[in-house]
Amino acid sequence: MRTNALSAVVGLGVSPMSRRPIGTSRELARIAVERAIADAGLAASDIDGLLIARSPLVEPDQIPLHLQNDLQLRDLGLLSAIDGEGSSTLQMLHWTTMAIRGRLARNVVCVFADTPVGAAGKGGDAYAVAMGLTGIDGWEARQGLIGAAAAYAMAARRHMAVFGTTERHLGAWAVACRAWANRNPDAFLRDPLTIDDYLRSPLVVEPFRVLDCAYPVNGAVAFVVTAARASLEGSNAAFVHAVAQGHRGRGLGDDPEFDTGASLAAARLYARLGIEGRHVTSAQVYDAFSYVGLLALEEWGLCRRGEAGAALVDGLTAPGGALPVNTGGGHLSGWYLQGATPMAEALTQIFGRAEGRQIFRTDLTLVTGVGGCLDLHAAAILSPHARL
Amino acid sequence: MTIEPGRWSRTFTDAVEAGELRLPFDPATGRPVSLHDRRLDGLGDTSAEWRPARGTGVVVSHVRFHRRYATTAGEPPILALIELDEGHRLVAPLIEIEPDRLAVGLAVEVADRPPQGPLAFRPRHDQR
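Rules used throughout
Residues numbered from 1 in each chain as written. Chains lettered and ligands numbered in written order. Predicted model: local features only at pLDDT ≥ 70, side-chain atom pairs only at ≥ 80, totals over all residues. Heavy atoms only, no water. Helix = DSSP H or I, 4+ residues; strand = E, 2+ residues; numbered from the N terminus. Rg over C-alpha atoms; globule rule 2.2 N^0.38 Å. Buried < 20%, exposed > 50% of the residue type's maximum accessible area, 1.4 Å probe, protein only. Contact = heavy atoms within 4.5 Å. Areas by Shrake-Rupley, 256 points an atom, 1.4 Å probe, with all protein chains shown as cover. Buried area = accessible area lost by both parts, 1.4 Å probe. Salt bridge = Lys/Arg side-chain N within 4 Å of Asp/Glu carboxyl O. Polar contact = N/O pair within 3.5 Å; in protein donor to acceptor, adjacent residues only side chain to side chain. Phe/Tyr/Trp six-rings, centres within 6.5 Å; stacked < 30°, edge-to-face > 60°. Expected span 1.5 Å × (residues − 1). Arc of directions from axis to C-beta.

**A look at the overall build of chain A**
Summing up its helical and strand segments, chain A has twelve helices and eleven strands in all. The C-alpha atoms of chain A give 19 Å as radius of gyration, which agrees with the globular expectation for 388 residues (21 Å, within 12%). Dimensions of chain A, computed from C-alpha atoms along their principal axes, come out at roughly 55 × 45 × 45 Å. Here chain A holds 388 residues, and the buried ones make up 62% of them. When contacts within chain A are restricted to residue pairs at least 6 apart in sequence, those whose partners lie at least 24 apart make up 75%. As displayed, chain A has an accessible area near 13600 Å², and 49% of this comes from carbon and sulfur atoms.

Rendered as structure tokens:
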């Protein structure tokens, strides 16, 4: 492997986060961007690009492109919103990297914000949407398949039937994530969790229990991307060595429940570096549900097909395991801000700010995002090293 | 955010509401066309041929609701992803079945139903 980085992420900004209303998405986005720019050691006048990602469940004007004016970012050469649902954060990194390498911009700030949790402190209703699995507009709503959990549970059950994955395998993902969250003071769910606790937790939509589901919060995450320079090494810089997308599409004869575009993206991602999934040293993956995390291990080549469940039971991804994954607790126990959560944790680790959960195998950090019902995939390989 | 159904979706759902399950086929090849594939929606040069379905298939996945959003409180608790004999996949409630008999691979058929409401399936007669 002899590659130079494509770009570098040099600042991370995280707004206050809460399970109560603390501001609009637009307000939280502004705070996160301000913090990211300051973290990068830059001024607003240094920024010449702004990309925005919103939840697919909100109207676009909740975070309009006028966010530029809120922040007084003037004379931008790049300003757009990315519509890749849970893959948007990694898609922003992809587009930004291309823009920087194409000399269309020098310092681009990317932001995701969402406020799904209302005054009652519940986030689930925000996701009471019908996800299109059939291809006919309105069909799932008419048939009663309401809620992201139901659509993903359908995919999980298919994997269980085809590969013998069990509820204990799903639970092992939740338990491993909680063990990491226990070491993260910013995680929302930190109490110790055992597999028995998991098996006693209430079923929501079988095979999913409440502990298989993400824990949504209100908040925002922003990061600053710039050109890769060797002089950045040793400072707060996460070098982007590969970035890729994979969107398989749906047709007849498919198994979109487990054969997804992630494996396409993985092939593109790893080809640039001449590596395979087994070379990845740590991973921060999108896991809106336990099954999505389990499947990620297989789709991104970190485990063989059908073997992720057993590997999880053996502690592969947990603290002390061979492959640290979702070291902040992920979406289930850390906090759910769609694809922004894995990116924030990857940067926290590579910047060396993870304190009690700090890992040292960040040389090849895989970061992933998923949109739709396993339809949209984007990922990157980040590293503290400018050259691999 | 409600999406206004396009011609392709309306063709399918109008038939269901009329009491018929019809599926798209390519008139040139005779092969089934995915419900996701709208190239033959009739706005271009060629239209799909919507043939009556046999109404039988197998369960490829299933979920059972234990909690419901307020908007769907009255829906059946078990929904399945069904692969019809023609190769198309549909999400549908599964009725007339005990939860412990639920299984991937179960042969199912369209259930008798009122004109409005979900298109439900039930275990095929020889499986009941």
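**Overview of the interface of chain B and chain A**
You'll often see interface size given as the accessible area lost when the parts meet. The interface is formed by 43 residues belonging to chain B together with 39 residues belonging to chain A. Summing the contributions of chain B and of chain A, the shared interface buries around 3500 Å²; its carbon and sulfur component is 60%. Our enumeration of links across chain B and chain A arrives at four salt bridges. For Arg89(B), the salt bridge identified is with Glu257(A), shortest N-O distance 3.0 Å. The interface formed by chain B and chain A contains 19 residue pairs in polar contact (both at pLDDT 80 or more). The set of elements that each furnish at least two residues to the side of chain B that touches chain A consists of helix 1 (7-17), strand 3 (56-65), strand 4 (78-84) and strand 5 (89-93) of chain B.

**What to know about the packing of aromatic side chains**
Per the stated rule, a full pass over the model turns up eight aromatic pairs over all chains. Plain terms: the ring middles of Phe12(B) and Trp50(B) are 6.4 Å apart, the flat faces sit at 55° to each other, and that makes the pair tilted. Note that Phe12(B) is positioned in helix 1 and Trp50(B) in strand 2 (residues 49-52), a separation of 38 residues in sequence. Here Phe12(B) matches Trp50(B) in class, with each residue buried. Ring-pair connections join several aromatic residues into one group, and the members of that group are Trp139(A), Trp8(B), Phe12(B) and Trp50(B).

**Comments concerning unusual backbone geometry**
Residues and elements named next belong to chain A. Of note, the amide linkage connecting Glu206 to Pro207 takes the cis form, showing an omega dihedral of 20°. Tracing the backbone shows Pro207 in the loop between strand 5 (203-206) and strand 6 (208-209). Positioned with a positive phi, Gln72 is a non-glycine residue whose angle comes to about 55°. Within the fold, Gln72 resides in the loop between helix 2 (67-70) and strand 3 (78-82). In this structure, Asp75 takes a positive phi of about 60° despite not being glycine. Tracing the chain through its elements places Asp75 in the loop between helix 2 and strand 3. What makes Asp75 exposed here is its relative accessible area of 73%.

**Focus on helix 8 (residues 261-273) of chain A**
Residues and elements named next belong to chain A. End to end, helix 8 covers 19 Å across 13 residues, agreeing with the expected 18 Å (1.5 Å per residue, within 8%). Looking at helix 8, one finds that the buried residues are Gly261, Ala262, Ala265, Ala266, Leu269, Tyr270 and Leu273. Across the axial projection of helix 8, the buried residues extend over an arc of 160°, all falling on one side. Buried residues in helix 8 make contact with strand 8 (238-246), helix 9 (290-299), strand 10 (365-371) and strand 11 (376-383). For helix 8, the side-chain oxygen to backbone nitrogen distance between the N-cap and Ala262 is 3.0 Å, and the N-cap itself is Thr260. One or two positions beyond helix 8, positive phi appears at Gly274, with a value near 65°.

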